[in-house]
Amino acid sequence: RDFCLSRGLGDVYKRQPFDLREVTLAVEKALEQHRLEHEVRYLRSARAGYGSIIGQAPSMQRLFHTLRRLEQVQAPTVLVVGESGVGKDIIAHAIHEAGPRKSGPMMEVDCASLPEQLIESELFGHEKGAFTDARQTKRGLFEVARGGSIFLDEIGEMSPPTQARMLRVLENRTFTPVGGTQEVSVRVRLIAATHRNLAQMVTEGTFRQDLLYRLSVIQTELAPLRERTDDIALLVEFFVDSLGEAMGRRLHGIAPDALDALCRYPWPGNVRELRNVVERALVLGDGDVLQLDDLPPEMLHAAPRVAAVAGG
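Criteria and cut-off values
- One numbering rule holds for all chains: residues counted from 1, following each sequence as written.
- With the structure being a predicted model, the display of local features is reserved for residues of pLDDT at least 70 and the display and counting of side-chain atom pairs for 80 or more, all residues being used for whole-chain, interface and lining totals.
- The side-chain figures draw on all heavy atoms in the structure; neither hydrogens nor water molecules are used.
- Two aromatic rings, drawn from Phe, Tyr or Trp (for Trp, its six-membered ring), form a pair once their centres lie within 6.5 Å of each other, and the interplanar angle then sorts them: stacked below 30 degrees, edge-to-face above 60, tilted otherwise.
- Helix and strand labels come from DSSP, where a helix needs a run of H or I of at least four residues and a strand needs a run of E of at least two; each type is numbered from the N terminus.
- Only protein chains enter the area calculation, which uses a 1.4 Å probe; residues under 20% of their type maximum are buried, those over 50% are exposed, and those in between are partly exposed.
- Each reported salt bridge corresponds to a side-chain nitrogen of Lys or Arg within 4 Å of a carboxyl oxygen of Asp or Glu.
- Per-residue confidence from the predictor is reported as pLDDT, a score between 0 and 100.
- Contacts are residue-level and defined by heavy atoms, with any inter-residue pair within 4.5 Å sufficient.
- Paired strands are those between which DSSP finds at least two bridges.
- Orientation is described by lines fitted to C-alpha atoms, with helices fitted over the stretch in contact, and by angles between N-to-C directions that extend from 0 to 180 degrees.
- N or O atoms within 3.5 Å of each other form a polar contact, as long as, within protein, one can give a hydrogen and the other can take it, and as long as residues adjacent in sequence are counted only when both atoms are side-chain atoms.
- Side-chain atoms within 4.5 Å are what join buried Ala, Val, Leu, Ile, Met, Phe, Trp, Tyr and Cys residues into a set we call a nonpolar core.
- Here, expected helix span is obtained from the residue count minus one, scaled by 1.5 Å.

**So, the packing of aromatic side chains**
Aromatic ring pairs: the centre-centre distance and the angle between the two ring planes describe each pair.
Then step 1. All told, the structure shown has 5 aromatic pairs when counted by the stated rule.
Then step 2. Relative to Phe142, the ring of Phe124 has its centre 5.5 Å away and its plane inclined at 15°; by these criteria the two rings are stacked. Of this pair, Phe124 sits in helix H5 (residues 116–124) while Phe142 sits in helix H6 (residues 141–144), placing them 18 residues apart in sequence.
Then step 3. The class of Phe124 is buried, set by a relative accessible area of 0%.
Then step 4. Looking at Phe142, the relative accessible area reads 2%, which means it is buried.
Then step 5. By the ring-pair criterion, three or more aromatic residues cluster together here, those being Phe124, Phe142 and Phe175.

Below, the structure is given as structure tokens:
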């Protein structure tokens, strides 16, 4: 702090007699600069989080505790829930990469993008001639991922017939390829993710209750960004550093009014939207500090304008 004060007051002391108002303003500015630099140092020290996952909110600390426990056990199924854009895929990769099956492959399936008639073939494979286009035998991802993990993203979009087959696989730990007769053992960790409320879908009759029980033996939840605004400054700094390095663009922090606007915004797109906002500012901004005017128009009304101070 003494260094900040001497740096801020140097020019004022050179002018004699000096104006007390100038001294007051210089002191206030130096103290604010010191506060911001201290905050940045604290955020950098707290940014370790869990692997590539960043967060200091209580909900994130609970999540990190669960993930550390999963490193030690062969939990057969893990369900990751959260809104779109919160980073469920990052959690899935962290579970695989830190767990006992990390030396094996990780296969991913987007249940929302695969047609119903193809998803069973993709998951369990098929024999030659099992259906019209089955010109050769194909191994399914459950077999390809043997010894590793399989990640079923948006499992809430899975059709009822596939849900029934998935339940049998989880119960028996075996499956039969489409058109086949020989059972294949399941030796993978299943990680599923969804932005849907599966319990509500059970009530509505669109998701099997017994499958939900099987999937949610270990359940982790990622809170939306609007509920963990303490993490916004941390995430902004991370994206400014990582994206800036990739783009050859260096920013030295964020102006207080810009950070305030980000903290007031409701973030319907969650962390993915925040990443896009920082990337946009890196591309379109001119200064060496992320300013309020660098944000998208819908965020500009979120906070009153104050004097911008570099964030370190």
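The rest of the description comes next.
**A word on the pattern of salt bridges**
Then step 1. Within this structure, the stated rule accounts for 10 salt bridges.
Then step 2. Glu83 is the partner of Arg226 in a salt bridge, and the nearest nitrogen-oxygen pair spans 2.5 Å. Here Arg226, found in the loop between strand E9 (219–221) and helix H10 (232–247), pairs with Glu83, found in the loop between strand E1 (77–81) and helix H4 (88–98); they are 143 residues apart in sequence, far enough to count as distant.
Then step 3. By relative accessible area, Arg226 is classed as partly exposed at 38%.
Then step 4. Accessibility expressed as a relative area gives 28% for Glu83, which makes it partly exposed.
Then step 5. Between Lys138 and Glu122 there is a salt bridge, with its nearest N and O atoms 2.9 Å apart.

**Digging into the confidence of the model for the chain**
Then step 1. Model confidence for the chain is summarised by a mean pLDDT of 83, while 82% of its residues fall at 70 or above.
Then step 2. Taking the mean pLDDT of every element in the chain, the minimum, 47, falls on helix H1 (residues 2–14) and the maximum, 97, on helix H8 (residues 198–204).
Then step 3. Every residue in residues 41–48 scores below 50 in pLDDT, and together they form 15 contacts with partners more than four places removed in sequence or on other chains.
Then step 4. Below pLDDT 50 for its whole length, residues 303–312 participates in 33 contacts with residues either more than four positions away or in separate chains.

**Structural notes on the sheet that holds strand E8 (residues 189–194)**
Each strand in a sheet pairs with its neighbour through backbone hydrogen bonds, running either in the same direction (parallel) or in the opposite one (antiparallel).
Then step 1. The parallel open sheet is built from 5 strands, whose spatial order is E2-E5-E8-E1-E9. Strands at the two margins of the open sheet, each flanked by one partner only, are strand E2 (106–110) and E9. Each strand axis lies, on average, 15° off the axis of its neighbour in the sheet, ignoring direction.
Then step 2. Across 5 bridges, the pairing between E2 and strand E5 (residues 149–153) is parallel. Directly across from Asp110, in E5, lies its bridge partner Asp153.
Then step 3. In the packing of H4 onto the sheet, contacts are made with E1, E2, E5, E8 and E9, and the angle to E8 comes to roughly 165°.

**Examining the side chain of Asn270**
Then step 1. Locating Asn270 in the fold gives a position in helix H12 (residues 270–284).
Then step 2. Among the residues examined, Asn270 registers a relative accessible area of 0% and is labelled buried.
Then step 3. A polar atom in the side chain of Asn270 sits 3.2 Å from the side chain of Glu83.
Then step 4. Apart from the residues within four sequence positions on either side, Asn270 is in contact with Glu83, Ser84, Gly85, Val86, Pro224 and Leu225.

**Observations regarding H4**
Then step 1. All buried positions along H4 are accounted for by Lys88, Ile91, Ala92, Ala94, Ile95 and His96.
Then step 2. As for H4, its buried residues are in contact with helix H3 (58–70), E1, E2, E5, E8 and E9.

**Quick word on the nonpolar core**
Then step 1. In this structure, Leu123, Phe142, Ile150, Leu152 and Met166 are the most contacted members of the largest nonpolar core, which totals 31 residues.
Then step 2. Every element with two or more residues in this core is listed here: E1, H5, H6, E5, helix H7 (160–172), E8, H8 and helix H9 (209–215).
Then step 3. Excluding its chain neighbours within four sequence positions, the residues that come into contact with Leu123 are Val109, Gly140, Leu141, Phe142, Ile150, Leu152, Met158 and Met166.
Then step 4. In this structure, Leu251, Ile254, Ala258 and Leu274 belong to the second largest nonpolar core, which totals 30 residues.

**Some details on H7**
Then step 1. Here H7 is 13 residues long and its end C-alpha atoms lie 18 Å apart, about the 18 Å a rise of 1.5 Å per residue gives.
Then step 2. Where H7 is concerned, the buried positions are Thr162, Gln163, Ala164, Arg165, Met166, Leu167, Val169 and Leu170.

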